[in-house]
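One-letter residues, chain by chain:
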Amino acid sequence: MKTPLYVAGVTSKSSAELVGRARRSGYSVFGETLASSIGRSMSSVRKPERVYYITSPPIRMSAETPRQLMKSLAYDDLQVTGSDNCTYNKKQKEMGLKDFTKIPNGVNGAEDRMSVVWEKGVQQGLLDPCRFVAVTSTNAAKIFNIYPQKGRIAVGSDADIVIWNPLATRTISKDTHQHACDLNIFEGMTVHGVPEIVMVRGRICAENGTIRVAEGHGRFIPMPVRPPFVYDIIEGKVQSSEEQQQQQHQQQQHEEHHNGNLIKKFAELDILIPAPEPLAEMLAGNLPMPAEGSICSTPSVRGRVDGKRDMQESSFSISEELDRSGVRACIKVKNPPGGKSSGFW
């Protein structure tokens with residue numbers, strides 16, 4: 001397949017695995033999951049309330065699905081998180097209580113997307129902060145060919161900057177959100193990661209939860225065709241994940257063939273050196289003092305192999321010299337590791 005494919009709305013584990021398998025096989029395929037599907041499942045939603053969560057693709061029933069989708073983002077099986085934001089009031093959703101076809105399709109996601117990804121990804125140890133930036137910003141800019149104007153902080157790029165506080169927390173609620181609706185599918189969820197300041201082209205548009213948007217400040221962003229991030233794989237300028245793994249495997253086999261697997265040979269030469277007993281325990285009398293010739297008796301003979309000459313061995317003894325030097329009242333020796341002491345001289 002020589003045509004790139006962007007798969008939107010990946011909300012199940014099996015579909016994410018298919019996208020990842022295609023990417024590892026060398027196809028130019030990209031997958032996007034949604035904030036609603038990584039933020040919650042339907043397992044804890046009561047049946048009378050499920051009408052408010054109707055969207056497509058649907059939010060899955062299994063409680064494990066959000067974590068599996070987050071792992072797919074971490075493994076690069078999926079590359080982007082979208083919001084698929086389309087909000088309705090409760091009264092509008094209830095129009096389809098007796099007729100499923102009349103239920104308005106869509107849920108919220110734009111306002112809480114980044115906090116949900118941080119909570120379910122970074123806070124739970126599945127993503128690092130750099131990958132968080134990639135799946136929420138940079139990858140989308142590269143795929144849709146507006147990088148580095150967007151998706152990057154650099155000279156010449158638009159000053160679209162978020163001052164992110166990873167330690168701050170907030171509780172998502174319909175009473176405090178900015179959406180013009182009376183329900184929120186993440187109601188009551190406490191999340192880490194709060195945007196303190198949001199700047200668009202250098203102008204502050206949101207600060208500490210307050211929106212400061214000026215009408216007419218938005219600009220149309222053209223998206224040229226044939227983004228390099230997408231077409232470099234097709235044109236062979238960049239190796240696929242599968243090709244990189246095969247190349248690494250072949251290189252490893254080549255090294256083992258020519259070096260005779262030196263790692264295993266070095267492992268055979270390793271000498272097991274027992275851990276030294278604490279000196280304080282020996283001096284207190286809780287442990288026997290090492291016997292003469294023991295490999296743990298002094299630091300100078302640790303790791304000694306019988307039958308081989310130790311180039312570090314010496315017949316010089318500090319304690320012996322002190323014993324022959326006569327009375328020295330100013331020297332106090334208390335059982336040094338190199339010799340015995342009888343107290344004061």
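Residues numbered from 1 in each chain as written. Predicted model: local features only at pLDDT ≥ 70, side-chain atom pairs only at ≥ 80, totals over all residues. Heavy atoms only, no water.

For the rest of this paragraph, the subject is the overall build of the protein chain. When you go through the protein chain residue by residue, the secondary structure sums to eleven helices and seven strands. Going through the 345 residues of the protein chain one by one, you find that 29% of them count as buried. Taking the contacts inside the protein chain whose residues are at least 6 apart along the sequence as the reference set, 60% of them involve residues at least 24 apart. About 22300 Å² of surface is accessible on the protein chain, with carbon and sulfur atoms providing 54% of the total. (Helix = DSSP H or I, 4+ residues; strand = E, 2+ residues; numbered from the N terminus. Buried < 20%, exposed > 50% of the residue type's maximum accessible area, 1.4 Å probe, protein only. Contact = heavy atoms within 4.5 Å. Areas by Shrake-Rupley, 256 points an atom, 1.4 Å probe, with all protein chains shown as cover.)

Take the environment of serine 115 next. Inspection of the secondary structure puts serine 115 in helix H5 (residues 113–122). Linking serine 115 and alanine 35, residues 80 residues apart in sequence, is a C-alpha distance of 9.5 Å. Contact partners of serine 115, with chain neighbours within four places excluded, come to Trp164, Arg170, Val191, His192, Gly193 and Pro195.

Tyr53, Leu78 and Leu127 are the most contacted members of the largest nonpolar core, which has 33 residues in total. Mapped onto this core, the elements with two or more residues apiece are helix H1 (13–24), helix H3 (65–74), H5 and helix H6 (129–143). Excluding residues within four positions of it along the chain, tyrosine 53 makes contact with Arg40, Met42, Val45, Ile59, Val107 and Ile185. (Core = buried A, V, L, I, M, F, W, Y, C linked by side-chain atoms within 4.5 Å.)

Turning to the packing of H5 against H6, a few remarks are in order. Relative to each other, H5 and H6 sit at 140 degrees, their axes nearing to 11 Å. Crossing of H5 over H6 shows right-handed handedness. In contact with Arg113, Met114, Val117, Trp118 and Val122 of H5, H6 contributes Pro129, Phe132, Val135 and Thr136. A breakdown of the residues in the contact of H5 with H6 according to their chemical character gives seven nonpolar, one polar and one charged. (Axes fitted to C-alpha atoms, helices over the stretch in contact; angles between N-to-C directions. Left-handed = near helix turned anticlockwise from the far one by under 90°. Nonpolar A, V, L, I, M, F, W, Y, C, P; charged D, E, K, R; others polar.)

Moving on, we get to the confidence of the model for the protein chain. For the protein chain, the average pLDDT comes to 83, and 70% of its residues sit at 70 or higher. Confidence, expressed as mean pLDDT per element, reaches its minimum in the protein chain at helix H11 (residues 318–324) with 52 and its maximum at strand S3 (residues 80–82) with 98. Scored below 50 in pLDDT, residues 292–303 shows 16 contacts in the model against residues more than four places distant or in partner chains. (pLDDT = per-residue confidence, 0-100.)

Moving on, we get to the side chain of serine 41. Structurally, the position occupied by serine 41 is in the loop between helix H2 (35–39) and H3. Here serine 43 takes part through its side chain, which lies 2.9 Å from a polar atom of the side chain of serine 41. In this structure serine 41 touches Ile59, Arg60, Met61, Ser62, Ala63 and Pro66, once residues within four positions along its chain are discounted. (Polar contact = N/O pair within 3.5 Å; in protein donor to acceptor, adjacent residues only side chain to side chain.)

Buried within H3 are the following residues: Thr65, Pro66, Leu69, Met70, Ser72 and Leu73. Buried residues of H3, viewed axially, fall in a sector of 155 degrees; they line one side. Buried positions along H3 lie against H1, strand S2 (29–34), H2, S3, H5 and H6. With its phi angle positive at about 70 degrees, aspartate 76 sits one or two positions after the end of H3. (Arc of directions from axis to C-beta.)

This part covers the sheet that holds strand S1 (residues 5–7). The strand order across the open sheet formed by three strands is S1-S2-S3, and the pairing between neighbours is parallel. Across the chains shown, the open sheet's two edge strands, defined by having one partner strand only, are S1 and S3. Recorded for the sheet is a direction-independent mean angle of 25 degrees between the axes of neighbouring strands. Of the pairings in the sheet, the one linking S1 to S2 comprises three bridges and is parallel in character. If you follow tyrosine 6 over to S2, its bridge partner there is phenylalanine 30. Sheet contacts for H6: S1, S2 and S3; angle to S3, the most-contacted strand, approximately 105 degrees. (Pairing = 2+ DSSP bridges.)

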